[in-house]
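# Coordinate analysis (summary)
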Amino acid sequence: MTIVDFHHHAPLASYVRRLTALGIQAQPGAPFPVWEPADSVRMMDRLGIDLAVLSVASPGFYFGDQAFTTALCRDTNDELTEVVRDGDGRFTAVACLPLPSVDAALTEVERVFDRPEFAGVGLLTSYAGSYVGHPKFDRLLETLNDRGAFVHVHPVLPAWWPEGEIPLRPSVLEYLFDSTRLITNLLLTDVPRRFPRIRWVFSHCGGAMPVVAPRMVLAEGMPELAAVAQDGVLRALAAFRYDTALSHTAADLGALLSFIDDSRVVLGTDFPFSSLDEVAGRYALLREYLGDAHRSAVLSENARELLGELGRTR
């Protein structure tokens, strides 16, 4: 059984240096972990994970200077390419895109999408205050749809984060809420119907969506939900995929599986933003919670369907 980690970060040293020079941390109050590819291999060997899908995600790439963003994404993708090539079959990656400029993002898709080192692209929930379902991003989504792209979505600090009002790191609450807002945004802008070939994977079991979904079902008669009225909210949500990063209990994963088929769920560890011991503890609990009924699908079979030959590397 080939086990695949779909939510595995690669905080490249060069990326960290450039952001640190701007005074940017992994998130407010939290420094970047020190990482090199060998750290990931040690973690994977300990847990029996065969393949990791590397991403460079939050805090993102755009900090007000598009030229900086474009150069940072280009260099990061080139470095990710080398990490995967040197990884002895243990890694694949998702390419980062220099949004909010759609033109720059399309240029980068054309440059790197067909590299064998990339399984797809990574997007953040929002860019410069606009969620990915905003019409300004339609040209990019059309291109990704034409290519049948696998898209992994990671939450990011929302532009309107009320800093200081709730003295917690944003990953505790805001990341969950921002994933939920994006998924709702995609439904309300009819993205799943308009771009049906994009294979979306959302982090952390979709954030708070497993809890919010029943409330949205109650609201299906409202005109705002006209885009999903015919098939219903739950069927629309079931068209997406979700990773298990930081989600391994009845309250999060269990709530998701109450209305999502287990074929739509893939493994995620959030390493190295979670330490090896933390990941190992949660992984053991996840395997126990999944049991025989779900374990093979979530840890392996769904990866093979998403990644094709990449999911059969070992």
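All figures in this text were calculated on a predicted structure; none of them were measured in a lab.

Within helix α4 (residues 102-112), the full set of buried residues consists of V102, A104, A105, L106, E108, V109 and V112. Looking at the buried residues of α4, the elements they touch are α3 (66-85), β3 (91-96), β4 (118-124) and α5 (138-146).

The full count for this structure, using the stated rule, is 18 salt bridges. D78 is paired through a salt bridge with R115; the nearest N and O atoms lie 3.0 Å apart. One end of the pair, D78, is in helix α3; the other, R115, is in the loop between α4 and β4, and 37 residues separate them in sequence. Residue class for D78 comes out partly exposed when judged on its relative accessible area of 27%. For R181, the salt bridge goes to D178, with nearest N and O atoms at 3.4 Å. Placement of both R181 and D178 in helix α6 (residues 174-188) is noted, with a separation of three residues, approximately one turn of the helix. Shared partners join several salt bridges into a network, and the residues in it are D78, E108, R111 and R115.

Below, the discussion takes up the nonpolar core. What tends to happen in soluble globular proteins is that the nonpolar side chains get buried as a cluster. The biggest cluster of nonpolar side chains holds 87 residues, and the ones touching the most others in it are L144, W200 and L237. Excluding residues within four positions of it along the chain, L144 makes contact with V109, V121, L123, A149, V151 and I198.

Mapped onto the secondary structure, D190 falls in the loop between α6 and α7 (191-194). The exposure class assigned to D190 is buried, which follows from its relative accessible area of 15%. Side-chain polar atoms of D190 contact the side chain of R193, separated by 2.5 Å.

Further remarks concern helix α11 (residues 276-307). Over its 32 residues, α11 extends only 25 Å from the first C-alpha to the last, a length that falls short of the 46 Å expected when each residue adds 1.5 Å. When the local axis directions of α11 are compared, the greatest deviation, roughly 120°, occurs at G291. In the segment just after α11, G308 is the residue with positive phi, at about 60°.

It is worth spelling out the sheet that holds β3 at this point. Adjacent strands of a sheet form backbone hydrogen bonds with each other and so pair up, either parallel or antiparallel. Sheet architecture is open: eight strands sit in the order β1-β2-β3-β4-β7-β8-β9-β10, paired in parallel fashion. Only two strands of the sheet have a single neighbouring strand rather than two, namely β1 (4-9) and β10 (265-266). Pairing geometry for strand β8 (residues 199-202) and strand β9 (residues 241-243), over two bridges, is parallel. Bridge pairing links F202 to Y242 in β9. Contacts from α6 reach β7 (150-154), β8 and β9 within the one sheet, and its direction differs from that of β8 by about 155°.

Within β7, five of the five residues are buried, leaving the element largely enclosed by the surrounding structure. Residues F150, H152 and H154 line one face of β7 and the alternating positions V151 and V153 line the opposite face, and both faces are buried. Sheet analysis places β4 next to β7, joined by four bridges and oriented parallel. Along β7, the bridge assignment pairs L124 with H154.

Counted under the stated rule, the structure contains seven aromatic pairs. Plain terms: the ring middles of W200 and F202 are 6.0 Å apart, the flat faces sit at 5° to each other, and that makes the pair stacked. On the basis of relative accessible area, W200 is assigned to the buried category, the value being 3%. Taking relative accessible area as the criterion, F202 reaches 1% and is therefore assigned buried. For the ring pair F202 and F240, a centre distance of 5.0 Å and an interplane angle of 80° mean the geometry is edge-to-face. Highlighted residues: F202 in strand β8 and F240 in the loop between α9 (233-237) and β9, separated in sequence by 38 residues. Taken individually, F202 and F240 each receive the classification buried, so the pair is uniform in this respect.

Definitions and cut-offs
- Counting restarts for each chain: residues are numbered from 1 in the order of the written sequence.
- At least 70 in pLDDT is required for a residue's local features to be given in this predicted model, at least 80 for side-chain atom pairs to be given and counted, and no such filter applies to totals for whole chains, interfaces and linings, which use all residues.
- Hydrogens and water molecules were not included; the side-chain quantities draw on all heavy atoms of the structure.
- Note on classification: 1.4 Å probe, protein chains only; a residue is buried when its accessible area is under 20% of the maximum for its type, exposed when over 50%, partly exposed between these limits.
- Note on conventions: DSSP H or I runs of at least 4 residues are helices, E runs of at least 2 residues are strands, and numbering of each starts at the N terminus.
- Contact criterion: two residues are considered in contact whenever any of their non-hydrogen atoms come within 4.5 Å of each other.
- What counts as a salt bridge is simple: a side-chain nitrogen of Lys or Arg found within 4 Å of a carboxyl oxygen of Asp or Glu.
- Grouping buried Ala, Val, Leu, Ile, Met, Phe, Trp, Tyr and Cys residues that are joined through side-chain atoms within 4.5 Å yields what is termed a nonpolar core.
- Two N or O atoms form a polar contact when they lie within 3.5 Å of each other; inside protein one atom must be a possible hydrogen donor and the other a possible acceptor, and for residues adjacent in sequence the pair counts only when both atoms belong to side chains.
- The span one expects for a helix is its residue count, reduced by one, times 1.5 Å.
- By definition, a residue's bend is the angle between the axes fitted to the seven residues ending there and the seven starting there.
- By this definition, two strands are paired if DSSP reports at least two bridges between them.
- Fitting a line to C-alpha atoms yields each axis, with helices limited to the stretch in contact; the angle taken between N-to-C directions then spans 0 to 180 degrees.
- Side-chain rings of Phe, Tyr and Trp, where Trp is taken by its six-membered ring, are said to pair if the distance between their centres is within 6.5 Å; with planes under 30 degrees apart they count as stacked, over 60 as edge-to-face, and otherwise as tilted.

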